[in-house]
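# Close look at the chain arrangement
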Amino acid sequence: MSDLDFTESQYHQEIKDLASALYEDALAENDNDHDQAEDAIYSDSRLSELVDSHQWVIYTYSNDLVARFSDNAEAYRDFYDNESIGQIVTDKGLEGMKPIIAYFAMQQDISDALYELDAFKGAVA
C-alpha cells in the first residue's frame, strides 16, 4: 500500500496523530500555555497550513478516500454556497471539487480530534 492509499482506520489514526503533534508543538512553542497554543493553531493558520500541505489533500487519488472516510465530508459547504460550487464544477469539472472537499473535511476532522485530546480537554476544564 502506498502513502496515498489508506484504510479508514489508518485515516482516523493519522487524524489523531496530526492533532496530537499539532497541539504538542503549539504548546512547546508557547511555554505550555493552552490559550496561546490554541491561538497559534487557529489564528496563526497552523492547522490550515498542515492540512494544505498534507499529501492526502494534494493528490486527487487520496481526495476520494478522505471524503469517504471523513466524519466531515460536507464541511466545505460551510464555506461554499451552491453558486460557488456550481462555478467550480463549471470551470474545473467535478475533479475541481475533490481537493476542496478533502481540505475542509480533513481540517474539521483534525479540529474535532484536537478537542478530543485528553491534554486539550484537561487544559480547558
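Coordinates for the structure precede this section.
The written sequence of each chain sets the order in which its residues are numbered from 1. In keeping with the predicted nature of the model, local features appear solely for residues at pLDDT of at least 70, side-chain atom pairs appear and are counted solely at 80 or more, and the whole-chain, interface and lining totals rest on all residues. To obtain the side-chain values, all non-hydrogen atoms of the structure were used and water was disregarded.

### Remarks on helix H1 (residues 8-28)
Side chains that are three or four residues apart share a direction in an α-helix, a result of its 3.6 residues per turn. Secondary structure is summarised from DSSP: a helix means a run of H or I of at least four residues, a strand means a run of E of at least two, and numbering begins at the N terminus for each. Helix span, as expected, comes to 1.5 Å for every residue beyond the first. Helix length check: H1 (21 residues) gives 30 Å between terminal C-alpha atoms against 30 Å at 1.5 Å per residue, within 8%. Burial in H1 covers these residues: Tyr11, Ile15, Leu18, Ala19, Leu22, Tyr23, Ala26 and Leu27. For H1, the angular spread of buried residues about the axis comes to 160°, placing them on one side. Exposed residues on H1 whose side chains face more than 90 degrees from its buried face are Ser9, Lys16, Glu24 and Ala28. For every residue, the accessible area obtained with a 1.4 Å probe (protein chains only) is divided by the maximum for its type, and the residue is called buried under 20%, exposed over 50%, and partly exposed between those limits. Our arc is simply the arc of the directions from the helix axis toward the C-beta atoms.

### Structural notes on the pattern of salt bridges
Side chains carrying opposite charge are able to pair once their charged atoms draw close together. We count a salt bridge whenever a side-chain nitrogen from Lys or Arg sits within 4 Å of a carboxyl oxygen from Asp or Glu. The tally for this structure, following the rule as stated, stands at four salt bridges. Residues Arg46 and Glu29 are paired through a salt bridge, measuring 2.4 Å at the closest nitrogen-oxygen approach. Remark: Glu29 occurs in the loop between H1 and helix H2 (34-42) and Arg46 occurs in helix H3 (residues 46-52); sequence separation between them is 17 residues. Given a relative accessible area of 22%, Arg46 falls into the partly exposed group. Its relative accessible area of 53% is what places Glu29 among the exposed residues. Its salt-bridge partner being Arg77, residue Glu74 comes within 2.9 Å of it at the nearest N-O pair.

### What about the environment of Glu8?
Within the secondary structure layout, Glu8 lies in helix H1. With relative accessibility at 43%, the residue Glu8 sits in the partly exposed group. Placed 60 residues apart in sequence, Glu8 and Arg68 show a C-alpha to C-alpha distance of 8.3 Å.

### Comments concerning the packing of H1 against H2
Interaxial angle, 0 to 180 degrees, is taken between N-to-C directions of lines fitted to C-alpha atoms, where a helix line uses only the stretch in contact. In contact at an axis separation of 8 Å, H1 and H2 are set at 120° when each is read in the N-to-C sense. Classified by the interaxial angle, the pair formed by H1 and H2 is oblique. Crossing of H1 against H2: the hand is right-handed. Contacts between H1 and H2 involve Leu22, Tyr23, Ala26 and Leu27 from the former and His34, Ala37, Ala40 and Ile41 from the latter. Residues that form the contact of H1 with H2 fall into these classes: seven nonpolar, one polar and no charged. Roughly parallel covers angles under 35 degrees, roughly antiparallel covers those over 145, roughly perpendicular covers 65 to 115, and oblique covers all other angles. Left-handed is the label given to a crossing in which the near helix is rotated counterclockwise from the far helix by less than a right angle, and right-handed is the label when the rotation is clockwise. Pairs of residues are marked as contacts when any of their non-hydrogen atoms sit within 4.5 Å. Each residue is assigned to one class: nonpolar for Ala, Val, Leu, Ile, Met, Phe, Trp, Tyr, Cys and Pro, charged for Asp, Glu, Lys and Arg, and polar for all the others, Gly among them.

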